[in-house]
Structure formats: structure tokens, C-alpha cells
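Listed below are the residues making up each chain.
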Amino acid sequence: MITEIAPAPERVAAEPARPGGRRRAWDEVPRWQIYVPLTIYLLFTLIPFYWILLFALRPAGSTSLVPWPMTFEHFEKVWTERSFGTYFTNSVYVGLATLVLTTVIALAGGYALARFDFRLKRGFMLALLCSQFVPGALLLVPLFQIFAGLRMINSLGSVVIAETVFQLPLSMILISGFIRNVPYSLEEAAWVDGCNRLTGFRIVVLPLLRPGLIAVGSFAFVHAWNHFLFALMFLSDQGKQTIPVGLNTLMSSDSVDLGALAAGGIIAAVPVVIVFAFIQKWLITGFSAGAVKG
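Residues numbered from 1 in each chain as written. Predicted model: local features only at pLDDT ≥ 70, side-chain atom pairs only at ≥ 80, totals over all residues. Heavy atoms only, no water.

(A) Local environment of the overall build of the protein chain. Along its length, the protein chain carries twelve helices and two strands. Listed by position from the N terminus, the elements making up the protein chain come as β-α-α-α-β-α-α-α-α-α-α-α-α-α. Burial analysis of the protein chain (294 residues in total) assigns 34% to the buried set. On the protein chain, roughly 18200 Å² of surface is accessible, and the fraction owed to carbon and sulfur atoms is 68%. (Helix = DSSP H or I, 4+ residues; strand = E, 2+ residues; numbered from the N terminus. Buried < 20%, exposed > 50% of the residue type's maximum accessible area, 1.4 Å probe, protein only. Areas by Shrake-Rupley, 256 points an atom, 1.4 Å probe, with all protein chains shown as cover.)

(B) How the structure looks around the side chain of H227. As for its position among the elements, H227 is in the loop between α9 (210-226) and α10 (229-234). Among the polar contacts made by the side chain of H227, one reaches the side chain of E163 at a distance of 2.9 Å. Among all residues touching H227, those that are not within four sequence positions of it are E163 and P244. (Polar contact = N/O pair within 3.5 Å; in protein donor to acceptor, adjacent residues only side chain to side chain. Contact = heavy atoms within 4.5 Å.)

(C) Looking closely at helix α6 (residues 156-180). Under the 1.5 Å per step criterion, the end-to-end length of α6 is 35 Å for 25 residues, consistent within 8% with the ideal 36 Å. Maximum bend of α6: about 45°, positioned at L168, with proline P169 one to four residues after it. Taken across its 25 residues, α6 has 18 buried, putting it largely inside the fold. (Expected span 1.5 Å × (residues − 1). Bend = angle between axes of the 7 residues up to and from the residue.)

(D) Just the packing of helix α7 (residues 184-192) against helix α8 (residues 197-208), in detail. Viewed as axis vectors pointing N to C, α7 and α8 meet at an angle of 140°, and their least axial separation amounts to 9 Å. With respect to α8, the element α7 is oriented oblique. As for how α7 packs across α8, the hand of that crossing is right-handed. Contacts from Y184, L186, E187, A190 and W191 of α7 reach α8 at R197, G200, V204, V205 and L208. For the contact of α7 with α8, the per-class residue count stands at seven nonpolar, one polar and two charged. (Axes fitted to C-alpha atoms, helices over the stretch in contact; angles between N-to-C directions. Parallel < 35°, antiparallel > 145°, perpendicular 65-115°, else oblique. Left-handed = near helix turned anticlockwise from the far one by under 90°. Nonpolar A, V, L, I, M, F, W, Y, C, P; charged D, E, K, R; others polar.)

(E) Structural view of the confidence of the model for the protein chain. Taken residue by residue, the protein chain gives an average pLDDT of 82. The fraction at 70 or more is 86%. Ranking the elements of the protein chain by mean pLDDT puts strand β1 (residues 2-4) last with 63 and helix α3 (residues 84-115) first with 91. For the stretch residues 290-294, pLDDT sits under 50, and the model shows seven contacts to residues farther than four places along the chain or on other chains. (pLDDT = per-residue confidence, 0-100.)

(F) Representation of the packing of aromatic side chains in the model. This structure, assessed with the given rule, holds 13 aromatic pairs. Among the aromatic side chains, those forming a connected cluster through ring pairs are F144, F147, F166, F230 and F234. The ring of F55 is capped by R58, whose NZ or CZ atom sits 4.6 Å from the centre of that ring. (Phe/Tyr/Trp six-rings, centres within 6.5 Å; stacked < 30°, edge-to-face > 60°. Lys NZ or Arg CZ within 6 Å of the ring centre and 35° of its normal.)

Laid out in C-alpha cells, this is it:
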């Protein structure tokens, strides 16, 4: 039996007053104890990126620590000779399709978890949480048998479905937390004005979920973009492989073309960096909203 969860009364927690004039512990920390560890961490993070840029931009055979004279021959090589243009297109398709499917299905499931009560709801939530501890490698054999029966092996659709299944549990839990933070009274007011449940959700609730949806969708996209295992196992045709598998083809047991590998790594990283640069404020807002109540 499914019952609708009644809205809980809103509570306003009183903030405990601090004694006047007393400073918090972190206000008394010297500035150098903050900036020195941050600087070390920043250098530890940026030096590998500089090293990749160095190998990608300097001529083959050069040992200079400065990428000068600068060349783009490695990018041209991987984009044309190593079919990275095709890999890039396939990765964009897999990432966007996974983003859309994950967001739509998780939105429907998250709304049901947030607004309705039903039998075994706690058990279902526990199963969703426990599924996050299952590594993707354990899903390869059953998924391969299912896709083989459906004749979907060597199809980008098989990778999209596998990535969506892998992303859904956490996405559904996060979106249910975002929906709980939307006051139930807003939906009731929409119903009083003549909206049905779907229309009220679309007009009132959905615009308020934008930060959460962007956070969930962006992580689904990035995971699908970077995931190597599913694409390697389900795609055998070189023309349907994605960028992570394409990077693997640049390495052999005999030799490694460091310039081409570095250029391919930059091609793989740039779209993700651009995405996070534009949506970082939405990510912070979304995860802050989802962490308030659960």
C-alpha cells in the first residue's frame, strides 16, 4: 500500500549565542599555517598537468623543460591518425545520453521516495545504498549476457544503459534529498489553484531543483566520459570506442608515444574541466541543499 507522506511542521532552530568578544579557534590560526599547506597541495596538483602539457606541446625527441618551440603535431596526429575525432564524438554521445537518462529516471524515483510512503521503503533505500559498494567489474558478466541476448553488443546503447544503471542508485538518493528540502506546502498551493500533481511538480518544484539536477547530471556525464571498463568490454569495433579506450590503444608492450598520449589526455580532460568551470557554483549550491536534510 502506498501512502502519501504528510508534511512535517517546520521548525526554526535557535542559534546558540556565543559569548561576546570570544573568537573562534580557527580565527586564531596563523595565516601561514593555512596558505603553506594549500600552496603545497596546489603545486602537487598542477605539476602533473604541466608535465602533460610539456610532452604534448614540445617537439618529439626534445628534452627541454619549457615547451618551446611550441608544436601541435601530437594533437594533429591523435585526432586524425589515431581516430580521436571519432572517439570524441562517441564519448559525447555516451555522456549526454547517460546524463539525460540518469536525470529523468532518478527524478521520478527520487520524487516517489521523498513524497510517498510504501512497504519496504527502508529496505529499498538500504539496497540502493548497498549497491554503491558493488564494483563495476562484478556487473560485467551478467550485463554482457543480457546485452548478448538483446543483440546489443558492440552498440553504444549498451554502454549508455550500463552507465545509467551504475549511476542511478546514488543519483536517486541525492535527488530525493533535494526534493525533501522543497516545502510540501508549495505543491499543495498549486493543487488548490487547479494544477494536478504532474503540472504542479513541473511548475513549482522542478525550477527549485535546478542546482541539484545540475549536480547529479554533471557527475553522471563525467563518470560516463571517463569510464573505461564498460566501453572496453561491450565495444569491439574501433569506430565505436570512446576516449578512455582510445587512450589505451596509444600504449603497447614495446613502446609508448608519450607526446601522442599526453595530447590525447588533454583532449580527454578539457571538456570535463570546461563543464566544471561553468557549473561549479551550481554544484556547491546543489550539494549544500542536499546535505541539509535527508
